[in-house]
Protein chains: 4
Amino acid sequence: MADERHGTDPDETLPSEPILDVAHLGHVELLTPRLEQSTWYFRDVLGMEIVAETAGAVHLRGYGDYAMSSLKLTAAPKPGVGCIAWRAASPAALARRVAALERAGCAEGWIAGEVGRGDGFRFRDPDGHRMEIYYDETPYRAPEPLRSALKNQPMRYTGRGVGVRRLDHLALLCRDVAANRRFMQQELGFRLHEQVRFQRGTVEIGSWLSPSILHHQVAYVVDARRGAGRLHHVALWVDNREDVLRAADILSEHEIFIEAGPAKHNNSQGFYLYTYEPGGNRVEIYSGSFLVLAPDWQPVVWNEVERGTGVYWGGALPESFMTYATPDIPALRAAPDPVPLFDPR
Amino acid sequence: MADERHGTDPDETLPSEPILDVAHLGHVELLTPRLEQSTWYFRDVLGMEIVAETAGAVHLRGYGDYAMSSLKLTAAPKPGVGCIAWRAASPAALARRVAALERAGCAEGWIAGEVGRGDGFRFRDPDGHRMEIYYDETPYRAPEPLRSALKNQPMRYTGRGVGVRRLDHLALLCRDVAANRRFMQQELGFRLHEQVRFQRGTVEIGSWLSPSILHHQVAYVVDARRGAGRLHHVALWVDNREDVLRAADILSEHEIFIEAGPAKHNNSQGFYLYTYEPGGNRVEIYSGSFLVLAPDWQPVVWNEVERGTGVYWGGALPESFMTYATPDIPALRAAPDPVPLFDPR
Amino acid sequence: MADERHGTDPDETLPSEPILDVAHLGHVELLTPRLEQSTWYFRDVLGMEIVAETAGAVHLRGYGDYAMSSLKLTAAPKPGVGCIAWRAASPAALARRVAALERAGCAEGWIAGEVGRGDGFRFRDPDGHRMEIYYDETPYRAPEPLRSALKNQPMRYTGRGVGVRRLDHLALLCRDVAANRRFMQQELGFRLHEQVRFQRGTVEIGSWLSPSILHHQVAYVVDARRGAGRLHHVALWVDNREDVLRAADILSEHEIFIEAGPAKHNNSQGFYLYTYEPGGNRVEIYSGSFLVLAPDWQPVVWNEVERGTGVYWGGALPESFMTYATPDIPALRAAPDPVPLFDPR
Amino acid sequence: MADERHGTDPDETLPSEPILDVAHLGHVELLTPRLEQSTWYFRDVLGMEIVAETAGAVHLRGYGDYAMSSLKLTAAPKPGVGCIAWRAASPAALARRVAALERAGCAEGWIAGEVGRGDGFRFRDPDGHRMEIYYDETPYRAPEPLRSALKNQPMRYTGRGVGVRRLDHLALLCRDVAANRRFMQQELGFRLHEQVRFQRGTVEIGSWLSPSILHHQVAYVVDARRGAGRLHHVALWVDNREDVLRAADILSEHEIFIEAGPAKHNNSQGFYLYTYEPGGNRVEIYSGSFLVLAPDWQPVVWNEVERGTGVYWGGALPESFMTYATPDIPALRAAPDPVPLFDPR
């Protein structure tokens with residue numbers, strides 16, 4: 001039986017020395033059936049900047065991303081997440097992780113990098129999400145009109161639209177949270193910061209993991225519809241809660257659907273707003289949360305009662321938040337969605 | 001001698017019944033020697049909207065102004081303020097004020113309105129600033145692309161640049177504060193909300209007046225250089241202090257000089273940022289302050305010590321804040337500026 | 001049939017000259033069956049200050065209220081609103097309104113003032129809410145430990161709890177919105193700023209009124225349970241949206257129920273949070289909204305579709321928001337609540 | 001000559017693999033000649049919580065610190081910084097650092113921990129500041145009245161005063177910035193994120209370092225008065241810029257001197273406010289800044305012109321900011337302060 005307090009199974013052996021080989025989430029590829037409209041959304045509404053356009057793809061960045069590009073929009077028949085790229089902490093760290101991934105049998109081999117990112121080693125998580133680890137990166141140098149007055153800021157804050165600063169994290173659905181969570185801990189050295197476990201801790205509903213002191217850069221949450229490799233949301237950072245409120249005003253003026261928020265999660269303490277980009281993917285405008293400074297942080301585990309609706313101040317996340325993900329798939333026929341992530345009161 | 005506590009001279013007789021004939025500051029005309037650059041500043045940087053362009057003039061509005069236009073930029077050899085227009089509370093109120101102004105001997109007669117504003121009655125304050133009172137106004141109807149998702153908002157919040165909501169107030173320099181202040185009280189019914197008086201209350205340095213519960217819509221401050229009809233600044237409203245901070249980031253990225261702030265005044269409690277538009281006029285991005293709900297509010301009077309530097313949290317306004325106004329004029333030769341408005345420590 | 005655009009019935013004759021005799025909402029009395037806990041809530045959690053305690057009553061103030069007291073808590077068997085007091089603009093204004101109220105047949109006569117407020121003239125609105133109009137008021141002088149560093153602030157900002165600045169408005173339920181709305185317009189000179197009208201404008205669901213440029217100081221909303229003289233909520237002002245978010249954190253830490261928000265209304269654009277004080281009355285922590293500067297403002301009228309859920313950014317107000325008021329009464333038996341104020345999706 | 005772009009001397013050999021052995025700044029001891037008043041300041045004004053009191057010392061924490069205590073106030077004849085404690089990333093990491101420090105010849109040996117912190121290994125930086133590295137830590141368990149409604153928050157957010165969340169960083173003065181900076185890099189594995197270098201990069205004025213993706217947890221700045229082991233400031237974190245503004249209001253109401261801010265630094269992009277606690281030590285209320293995610297971040301180096309006044313939006317830091325530190329010492333007699341850190345225009 002699971003150890004509720006620690007959120008880890010006693011039979012799991014984690015290395016006594018932390019693996020600190022992954023630096024951060026470096027890049028996310030989103031698939032979109034409406035490339036033009038998705039580009040408008042991220043550029044004109046969210047205020048990101050286009051750095052490159054290739055056949056069937058647009059590469060964007062937030063004003064605070066140090067890499068050339070943190071987001072790639074790729075034309076595809078259905079929405080969803082393409083490749084998720086993690087930057088290693090050093091060349092040696094990259095070599096160590098590649099070796100571990102090869103041993104784990106999930107490797108797909110090296111591919112050539114693009115738009116500033118060097119060669120990457122492709123692999124899949126147990127649920128089938130495509131991932132990549134890389135080290136080489138050519139930092140962004142802003143062209144003159146986009147050069148910031150701040151020498152330590154990679155690009156000017158243009159004041160256009162929402163003004164996304166940088167890529168923050170993503171949430172992935174999966175059929176087996178424990179398997180995917182363990183994979184990230186064991187093969188990539190991620191730290192487990194929070195969990196939702198139901199039924200006296202025996203059913204792992206969701207896990208929030210990070211390669212650093214950031215609260216989370218990936219969350220695995222159970223897919224109530226038993227799909228594979230689906231995306232719940234990608235989250236983009238703004239600096240203040242007030243920026244999230246302002247984003248809500250801007251999205252509303254564009255008549256873009258806001259699914260939930262602005263409000264505050266209880267787990268992660270994130271201040272959120274969820275919206276769908278025109279291609280169908282859920283996007284979170286995100287701020288707040290907290291840094292996990294403790295190197296021996298014991299995962300915070302929420303049970304059914306503590307979890308409540310997932311909203312700190314009251315209210316609830318809507319039904320769609322539990323069931324909709326990209327690509328969208330129909331509900332299971334035999335029974336109602338059997339694992340309610342939250343109580344959508 | 002002045003009654004320090006009340007901030008009014010005992011020999012002044014104010015009407016026992018308040019005059020409530022002026023509704024609000026409706027429109028300000030700024031003169032600019034660099035019309036094109038000034039237009040860029042107000043439209044692209046501050047996020048105002050152009051509603052009309054005529055020969056040598058551009059008419060703009062904030063997204064929350066109910067009138068068609070609240071700001072007119074007029075090409076001129078030197079910067080400064082053109083006409084300052086006050087909206088009357090009713091046709092009868094307009095008639096009463098016109099009669100009073102004619103009696104006071106400062107009337108200049110009727111002129112045709114423009115851009116939604118009906119005919120106005122022109123006059124001058126004792127210091128020579130050109131003013132106008134009017135009642136007729138055609139409310140703004142936004143064209144389709146600028147229509148707001150909010151039925152009670154005249155225009156969409158576009159999310160461009162600073163995002164000025166509306167015209168708020170202006171500050172005028174003058175040679176005799178008491179004379180101008182009395183004029184606004186007696187002829188237009190303005191309420192006196194705050195004052196700075198030095199030398200045991202005998203020297204009136206500045207007065208903050210309003211036709212409504214807004215803290216002030218006009219301030220008269222002594223002109224240290226003894227000019228006539230000069231403008232200290234025009235203030236544009238944003239809803240939150242955070243918007244003023246964000247304005248500072250946007251102005252800095254455009255390498256537009258910020259003279260002072262963001263910070264908080266002690267008098268008015270306004271949260272301010274001062275900058276110069278390309279034509280040379282000082283512009284304040286403004287929020288905070290407080291409403292004066294008391295109909296019998298006793299003016300708050302600040303002496304030298306209480307006034308301090310005029311900045312609530314410490315620090316000081318720069319020297320230029322005391323001496324620069326538009327049109328700019330040289331310092332008096334005979335002596336240093338004799339009336340320091342603040343101590344620019 | 002009602003004139004949808006103007007929100008007023010064509011057969012209603014409003015005076016051509018505005019009546020500007022009421023200055024503002026001066027004081028609200030709340031009835032509470034749990035005086036001690038209600039006092040804790042307003043003092044320790046919301047950060048208001050106790051100025052006087054009498055048998056069965058506690059008098060409080062926000063740090064920005066210029067009057068001695070703006071809120072009275074009175075022990076009573078059931079929660080609800082006691083007397084609602086409006087301050088007149090002048091002695092003559094008071095006399096005019098008293099005469100009008102006497103003519104209207106709703107007068108209850110003069111009563112002695114208390115805690116700084118002078119004698120008041122009592123009356124009832126058509127729905128039976130007890131009201132009062134008064135002029136004399138002794139401004140608050142803070143005792144030494146509560147004196148503010150700001151000469152224009154009546155009391156120090158103590159930094160305790162939510163830090164309510166001042167009384168803002170209240171919302172009253174009633175059986176006949178039009179009758180109560182007309183009463184406030186005709187007898188007290190209130191301006192009608194917004195309305196919700198259903199069924200092609202024939203059913204007046206709610207009206208938002210103000211004696212000044214404040215968006216509203218009283219709202220009348222139809223009582224779905226057909227009670228009399230009930231209170232929907234009293235609203236207390238904080239200066240920034242961020243203060244409302246912070247209030248949500250503080251209330252949550254005290255495990256005080258937050259019924260809705262923080263979020264933004266479409267009508268009024270108010271940024272709100274609704275909570276219940278321990279006595280059962282609904283309290284709104286409120287900021288944002290907008291000033292109605294136009295003296296000839298045409299009421300904004302929302303129909304069923306435009307009204308939506310009443311929440312600008314999406315989501316909905318909960319069922320209780322439509323049905324719960326103080327004192328609480330059972331739902332009508334014959335039929336479900338027949339007049340849904342909003343669609344609580 | 002220094003390599004301006006990289007901010008590191010070419011003759012310095014840093015290890016090719018990063019040392020990731022220090023997790024974060026865990027604890028700071030402040031010396032104060034006015035223990036009682038300092039305690040009032042941190043507890044009642046800044047809103048920290050007392051967790052233990054011993055003879056001549058008070059131990060405090062922010063509501064978000066996971067450790068029992070992050071700040072110790074120790075009675076002493078003069079203000080200044082006592083011991084600065086860094087938490088290691090693991091027991092093995094601690095052992096590695098202890099060995100390195102012993103090799104470096106700056107070790108002072110083990111001392112017993114206190115208030116939840118395990119045994120620590122004492123050492124001194126080249127300038128003589130006393131430091132400690134430790135690993136064992138008993139996480140804080142809040143007593144019932146201080147338990148948070150948020151399971152992932154160590155302690156309730158009480159809403160008292162400024163509401164400091166956690167310890168963030170400190171700035172130390174020293175005679176030789178390069179020596180101290182190199183020491184932190186080589187012996188403790190700190191990353192160098194920003195620098196100020198004057199005279200074509202040959203004079204290192206200040207360096208900002210961090211053991212993690214936090215922008216900085218220690219800054220070394222040249223001591224213009226050639227003192228030893230002095231403290232410039234300790235910084236305490238609040239979550240939003242608005243909290244810093246609110247802190248300024250609270251400090252002002254307590255008539256506590258604000259030396260500078262609220263404003264925004266150019267280097268670090270920190271949103272700051274500087275004040276002195278009653279014992280004389282400078283305290284920063286801090287938010288904003290940015291995370292340094294790049295594992296190969298090239299230090300940003302500011303020269304005289306780029307550095308300007310150190311204030312992003314304009315204005316300047318006051319003279320005292322350059323000269324005052326604790327313990328205070330007189331200015332050098334022979335010459336004016338020879339190394340101006342900033343231009344205090």
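Conventions used here
- Residues numbered from 1 in each chain as written.
- Chains lettered and ligands numbered in written order.
- Predicted model: local features only at pLDDT ≥ 70, side-chain atom pairs only at ≥ 80, totals over all residues.
- Heavy atoms only, no water.
- Buried < 20%, exposed > 50% of the residue type's maximum accessible area, 1.4 Å probe, protein only.
- Helix = DSSP H or I, 4+ residues; strand = E, 2+ residues; numbered from the N terminus.
- Pairing = 2+ DSSP bridges.
- Least-squares fit on C-alpha atoms with pLDDT ≥ 70 in both.
- Contact = heavy atoms within 4.5 Å.
- Expected span 1.5 Å × (residues − 1).
- Arc of directions from axis to C-beta.
- Buried area = accessible area lost by both parts, 1.4 Å probe.
- Salt bridge = Lys/Arg side-chain N within 4 Å of Asp/Glu carboxyl O.
- Polar contact = N/O pair within 3.5 Å; in protein donor to acceptor, adjacent residues only side chain to side chain.
- Nonpolar A, V, L, I, M, F, W, Y, C, P; charged D, E, K, R; others polar.
- Phe/Tyr/Trp six-rings, centres within 6.5 Å; stacked < 30°, edge-to-face > 60°.
- Lys NZ or Arg CZ within 6 Å of the ring centre and 35° of its normal.

Colleague: How should the pairing of strand 11 (residues 203-210) of chain D be read in this particular structure?
Modeller: For a regular strand, the rule is simple: side chains alternate between the two faces of the sheet. All names here are of chain D. In terms of burial, strand 11 is largely enclosed, as seven of its eight residues are buried. Two strands pair when backbone bridges link them, and strand 10 (residues 191-198) and strand 11 are joined in this way by seven bridges, in the antiparallel orientation. Residue pairing across strands places F198 opposite V203, the latter belonging to strand 11. In textbook terms, the turn of a hairpin is the stretch between consecutive antiparallel strands, and for strand 10 and strand 11 this stretch comprises four residues, one of which, Q199, has a positive phi near 50 degrees. Note that strand 11 and strand 12 (residues 218-222) share four bridges and pair antiparallel.

Colleague: Help me understand the relation of the copies chain D and chain A in this model?
Modeller: Each of the two copies of the chain can be brought onto the other by a rotation about an axis and a shift along it. Each copy of the sequence occupies a distinct position, and chain D is placed on chain A by a rotation of 180 degrees and an axial shift of 0.0 Å, giving an RMSD of 0.0 Å. The superposition operator between the copies reduces to a two-fold rotation axis. Rotation axis and chain D: the residue whose C-alpha lies nearest the axis is N240 of chain D, separated from it by 3.0 Å. Interface residue correspondence from chain D to chain A reaches 100%, placing this contact among same-surface, isologous pairings.

Colleague: Explain helix 2 (residues 91-104) of chain C here, please?
Modeller: Residues and elements named next belong to chain C. With 14 residues, helix 2 extends 20 Å from end C-alpha to end C-alpha; this agrees with the ideal 20 Å at 1.5 Å per step. Within helix 2, the full set of buried residues consists of A93, L94, R97, V98, A100 and L101. Along helix 2, the residues classed as buried sweep out an arc of 165 degrees about the axis, all on the same side. Tucked inside the fold, the buried residues of helix 2 contact strand 5 (80-88), strand 6 (107-111), strand 7 (120-124), strand 8 (130-134) and helix 3 (177-188). Looking one or two residues beyond helix 2, the residue adopting positive phi is G105, at roughly 80 degrees.

Colleague: How should the interface of chain D and chain B be read in this particular structure?
Modeller: Quoted interface sizes are often the accessible area lost when the parts come together. The interface of chain D with chain B comprises 15 residues on the first partner and 15 residues on the second. When the two sides are added together, the surface that chain D and chain B hide from each other amounts to roughly 1,400 Å², 45% of it contributed by carbon and sulfur. Inspection of the chain D/chain B interface yields six salt bridges. Here E242 of chain D ties to R241 of chain B by a salt bridge, and the two come within 2.9 Å at their closest N and O atoms. Our count for the chain D to chain B interface comes out at eight residue pairs in polar contact (both at pLDDT 80 or more). The set of elements that each furnish at least two residues to the side of chain D that touches chain B consists of helix 4 (241-253) and strand 14 (258-264) of chain D. Here the residues of the side of chain D that touches chain B sort into seven nonpolar, two polar and six charged.

Colleague: I would appreciate a short explanation of the pattern of salt bridges in the present structure.
Modeller: As a working rule, side chains carrying opposite charge can pair if their charged atoms are close by. Counted by the stated rule, this structure contains 96 salt bridges over all chains. For D296 of chain D, the salt bridge is made with R87 of chain A, and the minimal N-O distance between the two is 2.7 Å. Of this pair, D296 of chain D sits in the loop between strand 16 (282-288) and strand 17 (300-302) while R87 of chain A sits in strand 5 (residues 80-88), which puts the two residues in different chains. Assessed through its relative accessible area of 0%, R87 of chain A is described here as buried. With a closest N to O distance of 2.7 Å, E108 of chain A and R124 of chain A form a salt bridge.

Colleague: I would appreciate a short explanation of the interface of chain D and chain A in the present structure.
Modeller: Listed per partner, the contact involves 48 residues of chain D and 48 residues of chain A. Counting each side, the surface lost to burial between chain D and chain A is near 3,800 Å², with a carbon and sulfur contribution of 57%. On the chain D side of the interface with chain A, the three residues burying the most area are K151, N152 and L293 of chain D, jointly 18% of the side's total. Summed over the shared surface of chain D and chain A, the result is six salt bridges. Put simply, E17 of chain D and R96 of chain A hold a salt bridge, and the shortest N to O gap is 3.3 Å.

Colleague: Would you mind going over the packing of aromatic side chains with me for this structure?
Modeller: Aromatic ring pairs are reported here in terms of the distance separating the ring centres and the angle at which the planes meet. Throughout the structure, instances matching the rule amount to 48 aromatic pairs over all chains. An angle of 35 degrees between the planes, with centres 4.9 Å apart, marks the rings of Y276 of chain A and Y324 of chain A as tilted. Of this pair, Y276 of chain A sits in strand 15 (residues 270-276) while Y324 of chain A sits in the segment after helix 6 (319-323), and the two are 48 residues apart along the sequence. On the accessibility criterion, Y276 of chain A (19% relative accessible area) is buried. The buried category is assigned to Y324 of chain A, whose relative accessible area is 17%. Taken together, the ring pairs connect F257, Y276 and Y324 of chain A into an aromatic cluster. The ring of Y140 of chain B has R61 of chain B lying over it, and the distance from NZ or CZ to the ring centre is 3.6 Å.

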